[in-house]
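Residue-level listing of the chains:
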Amino acid sequence: MKLPNFKLERYFAQYEFNVSYLLCASDCESFSIQELLDFEPTATAAFQQQWLGYAESRGGFELRQEIAKLYQHMTPDNILVHVGAQEAIFNFMNVALSANDHVIVHFPCYQSLFEIAQSIGCEVTMWQTKEADNWELSIDFLRANLKQNTKAIVLNCPHNPTGYLLSHDKFGEILALAKQHNLLIFFDEVYRGLEYRAEDRLPSACDVYENAISLGVMSKSYGLAGLRLGWIATKNEDIYQRMASFKDFTTICNSTPSEFLAILALRHQNEIMQRNLGIIRHNLALLNDFFARHEELFTWQSPKAGCIAFPSLKLHLGAEQFCLDLVQQKGVLLLPSNHYDFGNRNFRIGFGRKNMPESLAQLEEFIV
Ligand SMILES: Cc1ncc(COP(=O)(O)O)c(C=O)c1O
């Protein structure tokens, strides 16, 4: 298997830790280890006693138990823990897909969601969405593109990079088609929990379809990317067992301090999510005002979930050049859409971090 560069990750490798203002972060504000430990009076002492041997390969029982509580019908046996969401995407595609399988992928998207399938030799159809259609997924497109050899549909909602959220009705239609054609659904739910209205939250795919694999992670909604801890949840025993076996060749097991801290964070998920949604709401109000003030320069669709959006430039200048000028002159990092193989007009903006108002003020100084 030969993989090309992961464009977005190479861009972050170049800039993320060298710029003053990261205005395209894909995650929420993080925590220090001590802040997490302070959630419980006995946690600091317990963390110091944490044993540093190997962890259980599929994730410790207590961790899988906490993760299972995030779902309606999952048990710890349905949860397989990985090193980040990235490992789970890689492992899923390697066990579930073969050359010549056809896969339909929600697009634009995080590159690994189509790239791994492509590098395996799958035929990949991009389920294209457009800004002009509010990034809506078209069910007619899906129906028209199903083939004899279609094996899986790959979805991501709340969506990176557009902030799009499927409606309950559309989700139902996708499920019905998947059931009818016996397709796997790989649903990247790494932003789940960041819906601004609770009633907009979709059920997890794994809770409503036995051939769905839901992807979760501590990185995005919880802001704990440094734990490098993700998981899949599924009732599909065959996929589960094959992924568990494949993992013996990738990471074997997770880091035990990360497992400890993830359990703690999951026990306090309400406090964490409320803090993160508070930051997002505050920042989103500023963004709505900013884009209203500058509607001659940018398009703007205020998202319904998540901490990122994908506006576009109305200028002649391409997004790549705009972002380059911005980072060179002001030290503010935005992410241009060419890194998503999605033209050169859009850019990703992130608003999950506490210092977003300062970054936005720098962007405003740059454009006026
Ligand atoms: C939609 C999506 N899925 C998966 C990942 C990978 O997550 P992790 O960094 O936790 O491995 C990312 C990271 O940016 C993402 O945005």
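Use the structure listed above.
Being a predicted model, the structure only gives us computed values, none of them experimental. (Residues numbered from 1 in each chain as written. Predicted model: local features only at pLDDT ≥ 70, side-chain atom pairs only at ≥ 80, totals over all residues. Heavy atoms only, no water.)

**Considerations on the overall build of the protein**
Applicable threshold: For helices the rule is a DSSP run of H or I covering at least 4 residues; for strands it is a run of E covering at least 2, with both sets numbered from the N terminus onward. We compute the radius of gyration over the C-alpha atoms and compare it with the globule rule, which gives 2.2 Å times the number of residues raised to the power 0.38. The classification of residues rests on relative accessible area computed with a 1.4 Å probe and restricted to protein chains. Under 20% of the type maximum is buried, over 50% is exposed, and intermediate values are partly exposed. Every residue pair with non-hydrogen atoms within 4.5 Å of one another is taken to be in contact. All accessibility values rest on the Shrake-Rupley procedure with a 1.4 Å probe; residue burial counts only the protein chains present in the view.
The secondary structure content of the protein amounts to 14 helices and 14 strands. Over its C-alpha atoms the protein spans a radius of gyration of 20 Å, differing by no more than 12% from the 21 Å that the globule rule assigns to 368 residues. Taking the principal axes of its C-alpha atoms as reference, the protein extends roughly 55 × 55 × 40 Å. With 368 residues in all, the protein has 59% of them scored as buried. Residue pairs at least 24 apart in sequence account for 74% of intrachain contacts in the protein once pairs closer than 6 positions are excluded. Counting every atom, the protein has about 15500 Å² of accessible surface; 51% of that belongs to carbon and sulfur.

**Quick look at helix H1 (residues 7-15)**
Heads up, the rule is: Each C-beta atom gives one direction from the helix axis, and the arc is the one those directions make.
Of the positions making up H1, those classed as buried are Leu8, Tyr11, Phe12 and Tyr15. Buried residues along H1 cover an arc of 100° about the axis, so they all sit on one side. Taken together, the buried residues of H1 touch strand E1 (21-22), helix H13 (319-330), strand E12 (332-333), strand E13 (335-336) and strand E14 (347-350).

**Let's talk about the sheet that holds strand E6 (residues 184-188)**
Defined as follows: Note on pairing: two strands pair once DSSP finds at least 2 bridges between them. An axis is simply a line fitted to the C-alpha atoms; with a helix, the fit covers only the stretch in contact. Between two such axes, the angle follows the N-to-C directions and lies from 0 to 180 degrees.
As summarised here, the arrangement of the seven strands in space is E2-E8-E7-E6-E5-E3-E4, forming an open sheet in which the pairing is mixed. Across the chains shown, the open sheet's two edge strands, defined by having one partner strand only, are strand E2 (79-82) and strand E4 (123-128). Going across the sheet, the axis of each strand differs from the next one's by a mean of 20°, ignoring polarity. With four bridges connecting them, strand E3 (residues 102-107) and strand E5 (residues 150-156) associate as parallel partners. Within the sheet, the bridge partner assigned to valine 103 lies in E5 and is alanine 152. Across the face of the sheet, helix H6 (residues 112-120) comes into contact with E3, E4, E5 and E6 while running at roughly 160° to E4. Sheet strands touched by helix H8 (residues 168-180): E4, E5 and E6. Its angle to E6, the strand with the most contacts, is close to 145°.

**Focus on the packing of helix H5 (residues 84-96) against H6**
Let me state the cut-off plainly: Left-handed describes a crossing whose near helix is turned anticlockwise from the far helix by less than a right angle; the clockwise case is right-handed. Side-chain classes are defined by residue name, with Ala, Val, Leu, Ile, Met, Phe, Trp, Tyr, Cys and Pro counting as nonpolar, Asp, Glu, Lys and Arg as charged, and the others, Gly among them, as polar.
Relative to each other, H5 and H6 sit at 30°, their axes nearing to 9 Å. Once H5 is placed against H6, the crossing between them reads as right-handed. Facing H5, whose interface residues are Gln86, Ile89, Phe90, Met93 and Asn94, H6 presents Ser112, Leu113, Ile116, Ala117 and Ile120. Of the residues assigned to the contact of H5 with H6, the class counts are seven nonpolar, three polar and no charged.

**A short note on the packing of H5 against helix H10 (residues 237-246)**
Between H5 and H10, whose axes approach to 9 Å, the crossing angle comes to 115°. Of the two possible hands of crossing, H5 and H10 adopt the one that is right-handed. Between H5 and H10, the contacting residues are Ala88, Phe90, Asn91, Phe92, Asn94, Val95 and Ala96 on the first element and Ile239, Arg242, Met243 and Phe246 on the second. Grouping the amino acids of the contact of H5 with H10 by side-chain chemistry returns eight nonpolar, two polar and one charged.

**A short note on H10**
The cut-off we apply is this: Throughout this description, a polar contact denotes any pair of N or O atoms lying within 3.5 Å of each other; where both atoms belong to protein, one of them has to be capable of donating a hydrogen while the other can accept it, and for residues adjacent in sequence the pair is counted only when both atoms sit in side chains.
Looking only at H10, the buried set comprises Ile239, Tyr240, Met243 and Ala244. When H10 is viewed along its axis, its buried side chains cluster within an angular range of 130° and face the same direction. N-cap assignment for H10: the residue whose side-chain oxygen lies 3.2 Å from the backbone N of aspartate 238 is asparagine 236.

**Comments concerning unusual backbone geometry**
Across residues other than glycine, the phi torsion is negative in most instances, and most of the peptide bonds are trans. Here the residue pair cysteine 157 and proline 158 is connected by a cis peptide bond, since its omega of -20° sits within 30 degrees of zero. Position of proline 158 among the secondary structure elements: in the loop between E5 and H8. Backbone torsion omega between asparagine 160 and proline 161 reads 15°, so that peptide bond is classified as cis. Its place among the elements puts proline 161 in the loop between E5 and H8. Positioned with a positive phi, tryptophan 135 is a non-glycine residue whose angle comes to about 65°. Among the structural elements, tryptophan 135 can be located in the loop between E4 and helix H7 (139-145). By relative accessible area, tryptophan 135 is classed as buried at 4%. Non-glycine residue arginine 228 carries a positive phi angle of around 50°. Considering the arrangement of structural elements, one finds arginine 228 in the loop between strand E7 (212-217) and strand E8 (230-234).

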